[in-house]
Amino acid sequence: MASDQADRSLADPPMRLRIALFGAGLVGQAAHAPTLADDRDRFEFVAVVDPSTTAREAVAARYGVEQACATLEDAIALGLDAVVVAVPDAAHRVAVLTALAAGLHVLCEKPLALTVADVDEILAARRDRVVQCGYMKLYDPAVEKMVELLRGADLVHLTVTVNDPDQAAFVDHLGLTPGRDAPAELVETTRREAREAVAEALGREADGPESRAFEAFLGSIVHDVSLAHHLLGSLGISPPLPLADASYFDAGRGVSLDWALPGGRRAHLEHLNLPGVPDYRERVTAYCRDRILELTFPSPYLRHVPTRLVERRPGASVAGLEKIEHRISYEEAFRNELRAFHAAVTTGAPVRASVEAARDDVIALLAAFRLAADRHQAAA
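Quick caveat, the model's predicted, so the values are computed rather than measured. (Residues numbered from 1 in each chain as written. Predicted model: local features only at pLDDT ≥ 70, side-chain atom pairs only at ≥ 80, totals over all residues. Heavy atoms only, no water.)

1. Regarding the sheet that holds strand β2 (residues 43-49)
Sheet strands line up and pair through hydrogen bonds in the backbone, either parallel or antiparallel. Where we set the bar: Between any two strands, at least two bridges found by DSSP are needed for them to pair. Segments assigned H or I by DSSP are reported as helices when at least four residues long, segments assigned E as strands when at least two residues long, and all are numbered from the N terminus. Note on geometry: axes are C-alpha line fits, over the in-contact stretch for helices, and angles between N-to-C directions span 0 to 180 degrees.
If you trace the 6 strands from one edge of the open sheet to the other, you get β3-β2-β1-β4-β5-β6, paired in parallel fashion. Strands with a single pairing partner mark the edges of an open sheet, and in this sheet they are β3 (67-69) and β6 (131-134). Between one strand axis and the next, the sheet turns by 25 degrees as a mean value, whatever way the strands run. Of the strand pairs in this sheet, β2 and β3 are connected by 3 bridges, and their pairing is parallel. By the bridge assignment, Val48 is partnered in β3 with Ala68.

Put into structure tokens, the structure is as follows:
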């Protein structure tokens, strides 16, 4: 016993990765920056990178990061191992390819890119580098437990329902610094690239509701598509899944999609932006023949608020019902995500949120967006 303890005490500490944060916006400030700064055993937080002087200097000062850089190239010149990409969605492709060309490992926020061709370009450039997509919910302890409970279950129906008021109510206490002084030309370039992605998806110019719906599919319900793919994968159900229906409503603020699953089963996902009610709720329910499993997520920006996992199954009598609440951990999904990234880089651990999985998600989302737009036009 004493020998075992001595061996553990002499174990090598984890390799520290020299890492930069590219993008000091909402998720960069509310999630990635504090997590990188906290986990000093694994990460040497080298630089905060953002085109906004105000944002990058404020975040760097808050977390004691020595370098505040205007461009990713400036940060690369400092000597990095890895980068977290948290810039606007339309800028993901260039950021990831720039980092890979410099030999860096990359954790990129969702969606990995806005077109399948862009994802394929990243896939081709990846080579032996780790590229992980920012699906932190896949690393939530309650999600990992649900995967375990689902294995071998006889699923009938999977539903995901989200009411989302945007983030203001859940980050107001954090004192985030807005980056309003980003160069106007860069902002317009990013917006133009986003418009071009929507037009490419439709094969024509989009109107306002269609543009909002595209953002809702690729920027919001993307998390739920990734999570549903992950949960269904534990049952051996893999993409591509037949798209049975898709829609957008409330001028593109709400979106939904349905998949037909093998054996006559079904999945339904919907995301509603409801800024008038400061309540975030994401409910994921797996209806199985011998149990019902339900995840309820709080806002992702509330730290150490655990996701609730409830299992309902038959009791000892005809009317009996057992209800079990699984409280797994207070650990943060964002921290687990970054630690998984570190393990993939330093030990070769498998990448759960892989480029290949992100590609499946983008294909599914674009198909749903196109179908929703077609049906909306037909009904007009």
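What follows continues from the structure just given.
2. Details of the side chain of Thr307
The condition is simple: Under this definition, polar contacts are N or O atom pairs within 3.5 Å; protein pairs additionally need one hydrogen-donor-capable and one acceptor-capable atom, and for neighbouring residues in sequence, both atoms have to be side-chain atoms. Any pair of residues with heavy atoms lying within 4.5 Å of one another is described as a contacting pair.
Its place among the elements puts Thr307 in the loop between β12 (292-297) and β13 (308-314). Of the polar contacts made by the side chain of Thr307, one reaches the side chain of Asp140; its length is 2.6 Å. Sequence-distant contacts of Thr307, defined by excluding residues within four places in its chain, comprise Asp140, Ala142, Leu295, Thr296, Phe297 and Pro298.

3. Examining the packing of aromatic side chains
So the rule is basically this: By convention, a stacked pair of Phe, Tyr or Trp rings (six-membered ring in the case of Trp) has centres within 6.5 Å and planes under 30 degrees apart, an edge-to-face pair has planes over 60 apart, and any other such pair is tilted. Note on classification: 1.4 Å probe, protein chains only; a residue is buried when its accessible area is under 20% of the maximum for its type, exposed when over 50%, partly exposed between these limits. In this scheme, the term charge over a ring applies when either NZ of a lysine or CZ of an arginine sits within 6 Å of the ring centre and within 35 degrees of the ring normal.
A full pass over the atoms with the stated rule returns 2 aromatic pairs. Both rings, one in Phe214 and one in Phe369, keep their centres 5.2 Å apart while their planes meet at 80 degrees; by these two values the pair is edge-to-face. Of the two residues, Phe214 sits in helix α10 (residues 208-219) while Phe369 sits in helix α13 (residues 355-379), which places them 155 residues apart along the sequence. Look at Phe214 and you get buried, because its relative accessible area is 4%. Relative accessible area serves as the criterion here: at 0%, Phe369 is assigned to the buried category. Between Phe217 and Phe369, the ring centres sit 6.3 Å apart and the planes meet at 65 degrees, which makes this aromatic pair edge-to-face. In this pair, Phe217 sits in helix α10 while Phe369 sits in helix α13, placing the two residues 152 residues apart along the sequence. Here a set of aromatic residues connected by ring pairs shows up, and it is made of Phe214, Phe217 and Phe369. When the ring centre of Phe297 is taken as reference, the NZ or CZ atom of Lys137 above it lies at 5.1 Å.

4. Re the nonpolar core
Convention followed: In this description, a nonpolar core means a group of buried Ala, Val, Leu, Ile, Met, Phe, Trp, Tyr and Cys residues linked to one another through side-chain atoms lying within 4.5 Å.
Val83, Leu112, Phe214, Phe217, Trp259 and Leu269 are the most contacted members of the largest nonpolar core, which totals 121 residues. With 11 residues, α13 is the largest single contributor of residues to this core. Ignoring anything within four residues of it in the chain, the contact list for Val83 reads Ile19, Ala20, Phe22, Leu72, Ala99, Leu104, His105, Val106 and Leu107.

5. Section: the environment of Asp38
By the element assignment, Asp38 lies in helix α2 (residues 26-38). Taking the C-alpha atoms as reference, Asp38 lies 9.2 Å from Arg335; in sequence the two are 297 residues apart.

6. Some points on the packing of helix α7 (residues 141-150) against helix α11 (residues 222-233)
What counts here: The residue classification treats Ala, Val, Leu, Ile, Met, Phe, Trp, Tyr, Cys and Pro as nonpolar and Asp, Glu, Lys and Arg as charged. All others, Gly included, are polar.
Where α7 contacts α11, the two axes come as close as 9 Å, and the packing angle between them is 35 degrees. On α11, the residues touching Val143, Met146, Val147 and Leu150 of α7 are Leu227, His230 and Leu231. Grouping the amino acids of the contact of α7 with α11 by side-chain chemistry returns 6 nonpolar, 1 polar and no charged.

7. Structural notes on the pattern of salt bridges
We apply this condition: Any Lys or Arg side-chain nitrogen found within 4 Å of a carboxyl oxygen on Asp or Glu counts as a salt bridge.
Tallying each qualifying case throughout the model produces 28 salt bridges. Here Glu322 and Arg313 are joined by a salt bridge, their closest N and O atoms 3.0 Å apart. Owing to a relative accessible area of 34%, Glu322 belongs among the partly exposed residues under this scheme. A relative accessible area of 32% means that Arg313 is categorised as partly exposed. Each of Asp39, Arg42, Glu331, Arg335 and Arg339 takes part in one network of salt bridges that share partners.

8. Section: unusual backbone geometry
Cis geometry is found at the peptide bond from Lys110 to Pro111, where omega equals -15 degrees. Structurally, Pro111 is set in the loop between β5 (105-109) and α6 (116-126). Residue Pro240 is reached from Pro239 by a cis peptide bond, and omega for that bond is 5 degrees. Mapped onto the secondary structure, Pro240 falls in the loop between α11 and β8 (243-249). Unlike most non-glycine residues, Ala251 shows phi in positive territory, near 55 degrees. Inspection of the secondary structure assignment puts Ala251 in the loop between β8 and β9 (254-261). Ala251 gets classed as partly exposed once you look at its relative accessible area, which sits at 31%.

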